[in-house]
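Coordinates in review
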Amino acid sequence: MLDHSHDAGFVVPSVAPAAERNMCTDCGLSRTARAGSCGVACQFIQPDYPAAETRIHGRARDITRGDERFFGPYRAMYRAALTPPAPGAQWTGITTRLAQKLLEDGAVDAVLCMGPDAQDRWRPRPVIVTDPARMADVRGMRMGYAPLLAALEPAQAAGHKRIAVIGIPCQVYALRAIEAELGLERLYVIGTPCSDNTTTENFHGFLSRLTDAPDTVSYLEFRADYHVEMRFDDGTVREVPFLKLPLSDLPRDFFPLTCRTCVDYTNALADITVGYMAGTGAQWLIVRNARGAEILDRIKDEVTLSDPGSAGKRAGSVKGFAANTARAAGGLPLRKMPDWARGIVAWLMPKIGPRGLEFARARVEMKAVETILHLRREKPKRMRTMVPDHVWKLAEPYDLTPQDGER
Ligand SMILES: Cc1cc2nc3c(=O)[nH]c(=O)nc-3n(C[C@H](O)[C@H](O)[C@H](O)COP(=O)(O)OP(=O)(O)OC[C@H]3O[C@@H](n4cnc5c(N)ncnc54)[C@H](O)[C@@H]3O)c2cc1C
Ligand code: SF4
Ligand code: SF4
């Protein structure tokens, strides 16, 4: 049984155990009375993005329009920063501020999102927030499977009919699949991109390889300038270039197959996606529909917006990644490079590697390549139903096309 605690405005609901499922990120659905819907609601079984995009945004992505082939349907994209940034936020705190403003304005009765476990700050726990001030408590990113949708039933039982949900793509896919059955008066979906998640246990193992004081790490982020930033409880900050990360002794299955084969990096079914990949050091907003525009408009005086930049060329990086992934045969795609060369490349990458939108396109293409290579190796039977057409399109320039029975 999970811990069950609450105070005014911030409820940590008690949730049922997860049902046994193959290829499951425990989005929370299997812990509810709708567990039987996993077959149609799961991103990992037979996702139908064109139908879902049409239902939610009024149209499916148009791969001839702007960057939709990479990032899904959108009305506008911005480089953005909450000004001033919110303390404790993962970036500047736009995500939690959007939801907080919906509560302040009375547009929603509750926000469902992931807060930190009382004993382990890196372990995500579903929470129901009704006091706007308490949104400060959920700022920041936590690693691990996060049963967000398990908060739906307790929220409904508490009488909340207008809600906002903050979620990552696999949670949002399932939420959208059951949305019509929930009988809500209003639902706002604020999404973040997501990639390379792992279990909270694995993440602790990673932290202990990075530092002698893993319990004092308060923040970690894989930044778009090819560095990992770590912050510690005593205020110190450490930046480690990706190429110098101690990855070679991580277990081969450090990243579960689900997160290596996830087909929706940028959260195409959210009303608004709040990430950082194309933000060149700031945040990156993808406004997908009228509701997303409405949410952003509510905080327009608090955000600095500009056009996202783009520089460099991604093709070489993605090709190299594809070759390394194929060679690693299911493990982590590590480059064999002498240590002295790693230092130089680590210094060069932020200067010459793809940046801004080109960096985000590169990451989305890498994810598509990874999905196909890993599924083909480990779960070939799933390919026909699990890999959407848009993922095949993204992988095509890298000589990855459907083989017999894969489409
Ligand atoms: C595992 C993971 C991987 C990510 N990878 C990328 C990436 O590759 N590229 C990218 O652009 N962005 C990624 N993000 C999103 C990014 O970390 C930031 O959350 C986002 O940019 C918003 O920053 P912010 O300052 O606006 O968020 P804040 O205002 O600090 O709010 C963070 C929000 O994230 C929610 N949250 C925290 N942990 C989880 C979780 N495990 N599951 C669901 N929700 C959670 C919190 O409830 C909170 O609402 C990832 C997020 C996660 C959880
Ligand atoms: S819908 Fe959610 S709970 Fe069900 S199998 Fe998929 S990830 Fe797991
Ligand atoms: S990488 Fe994909 S599957 Fe894994 S937790 Fe993130 S959204 Fe879910």
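Since the model is a prediction, treat every value here as computed from it, not as a measurement. (Residues numbered from 1 in each chain as written. Chains lettered and ligands numbered in written order. Predicted model: local features only at pLDDT ≥ 70, side-chain atom pairs only at ≥ 80, totals over all residues.)

1. A few points about the overall build of the chain
The following threshold applies: Secondary structure elements follow DSSP: runs of H or I no shorter than four residues count as helices, runs of E no shorter than two count as strands, and numbering proceeds from the N terminus. We compute the radius of gyration over the C-alpha atoms and compare it with the globule rule, which gives 2.2 Å times the number of residues raised to the power 0.38. Three exposure classes are used, all based on how many other C-beta atoms lie within 10 Å of a residue's own C-beta (placed from the backbone): buried at 20 or more, exposed at 12 or fewer, and partly exposed between those limits. What counts as a contact here is a pair of residues whose C-beta atoms, placed from the backbone, lie within 7 Å.
Each helix and strand counted, the chain has 14 helices and 15 strands in total. Against the globule reference of 22 Å for 407 residues, the chain gives a C-alpha radius of gyration of 20 Å, in line with a compact fold. Projected onto its principal axes, the C-alpha positions of the chain cover 60 × 55 × 45 Å. Within the chain, buried positions represent 43% of all 407 residues. Pairs at least 24 residues apart make up 67% of the contacts formed inside the chain by residues separated by at least 6 positions.

2. Focus: the site of ligand 2
Stated precisely, the cut-off is as follows: Any residue qualifies as near a molecule or strand once its backbone-derived C-beta atom lies within 6 Å of it.
Lining the immediate surroundings of ligand 2 are 13 residues, of which Cys-24, Cys-27, Ser-30, Cys-38 and Cys-42 lie closest. Elements supplying a minimum of two residues to the shell around ligand 2: α1 (38-41) and α6 (169-178).

3. Here's the deal with the site of ligand 1
This is how the line gets drawn: Basically, the charged four are Asp, Glu, Lys and Arg, the nonpolar ten are Ala, Val, Leu, Ile, Met, Phe, Trp, Tyr, Cys and Pro, and anything else, Gly included, counts as polar.
Among the 31 residues in the neighbourhood of ligand 1, the closest are listed as Trp-91, Thr-95, Thr-96, Cys-113 and Gly-275. Where the shell around ligand 1 is concerned, the elements lending two or more residues are α4 (94-104), β4 (110-116), β6 (162-167) and β11 (272-275). Of all the elements, α4 adds the most residues to the shell around ligand 1, at three residues. Tallied by class, the residues present in the shell around ligand 1 amount to 17 nonpolar, 12 polar and two charged.

4. Re the pairing of strand β8 (residues 217-222)
So the rule is basically this: By the convention used here, strands pair only if DSSP detects at least 2 bridges between them.
Bridging between β8 and strand β9 (residues 227-232) involves five bridges; their strand directions are antiparallel. Paired with Glu-221 across the two strands is Glu-229, which belongs to β9. The turn joining β8 and β9, which pair antiparallel and follow one another in sequence, is formed by four residues; a positive phi near 70° is taken by Tyr-226.

5. Side note on the environment of Ile-352
Within the secondary structure, Ile-352 is located in helix α11 (residues 339-352). With 11 C-beta atoms packed within 10 Å, Ile-352 lands in the exposed category. Taking the C-alpha atoms as reference points, Ile-352 and Tyr-188, 164 residues apart in sequence, are found 39 Å from one another.

6. Examining the domain arrangement of the chain
Defined as follows: Domain start and stop points were drawn from an automatic or database domain assignment.
As assigned here, the chain comprises domain 1 (5-198 + 258-308), domain 2 (199-251) and domain 3 (310-407). Contacts between the two partners involve 21 residues from domain 1 and, on the opposite side, 22 residues from domain 3. A per-class count over the side of domain 1 that touches domain 3 returns 12 nonpolar, five polar and four charged.

7. Quick word on helix α12 (residues 357-378)
To be explicit about the condition: One fewer than the residue count of a helix, multiplied by 1.5 Å, yields its expected span.
Along its 22 residues, α12 runs 31 Å from first to last C-alpha, staying within 8% of the 32 Å computed at 1.5 Å per residue. The buried fraction of α12 amounts to 18 of the 22 residues, a majority that puts the element mostly inside the structure.

8. Regarding the packing of helix α10 (residues 315-328) against α12
Heads up, the rule is: Axis definition: a line fitted to C-alpha atoms, over the contacting stretch in the case of helices. Angles run 0 to 180 degrees between N-to-C directions. We call two directions roughly parallel when the angle between them is under 35 degrees, roughly antiparallel when it is over 145, roughly perpendicular when it lies between 65 and 115, and oblique otherwise. Here a crossing is taken to be left-handed if its near helix is turned anticlockwise relative to the far helix by less than a right angle, and right-handed if that turn runs clockwise.
Interaxial distance between α10 and α12 falls to 10 Å at its minimum, and their mutual angle equals 25°. In terms of axis orientation, α10 runs roughly parallel to α12. Regarding α10 and α12, the two cross each other, and that crossing is right-handed. Judged by residue contacts, Ser-317, Val-318, Phe-321, Ala-322, Thr-325 and Ala-326 of α10 engage Ala-362, Glu-365, Met-366, Val-369, Glu-370 and Leu-373 from α12. Of the residues contributing to the contact of α10 with α12, the split by class is eight nonpolar, two polar and two charged.

9. Digging into the nonpolar core
Where we set the bar: The nonpolar core criterion groups buried Ala, Val, Leu, Ile, Met, Phe, Trp, Tyr and Cys residues into a set whenever they are joined through C-beta atoms within 7 Å.
Residues Ala-99, Val-111, Leu-112, Ile-190 and Leu-285 are the most contacted members of the largest nonpolar core, which totals 98 residues. The greatest single-element share of this core, amounting to 11 residues, is contributed by α12. Counting contributing residues per domain, this core is built from domain 1 (5-198 + 258-308) and domain 3 (310-407), each supplying no fewer than three. The contact partners of Leu-112, leaving out residues within four places of it in the chain, are Pro-126, Ile-128, Leu-148, Ala-151, Leu-152, Ala-155, Ile-163 and Val-165.

10. Side note on the sheet that holds strand β10 (residues 237-241)
Read across the sheet, three strands follow the order β8-β9-β10 without closing on themselves; strand pairing throughout is antiparallel. A single partner strand is all that each edge strand has here, and the edge strands are β8 and β10. On average, each strand axis in the sheet is tilted by 15° relative to the strand beside it, whichever way the strands run.

11. Looking at the environment of Asn-202
Mapping Asn-202 onto the fold places it in helix α7 (residues 200-210). The spatial distance from the C-alpha of Asn-202 to the C-alpha of Met-135 is 27 Å, given a sequence separation of 67 residues.

12. Some thoughts on the environment of Ala-18
Within the element layout of this structure, Ala-18 appears in the loop between β2 (10-12) and α1. For the pair Ala-18 and Ala-150, spaced 132 residues apart in the sequence, the C-alpha separation amounts to 9.4 Å. The residues touching Ala-18, leaving out its near neighbours within four places in the chain, are Asp-26, Ser-30, Arg-31 and Pro-147.

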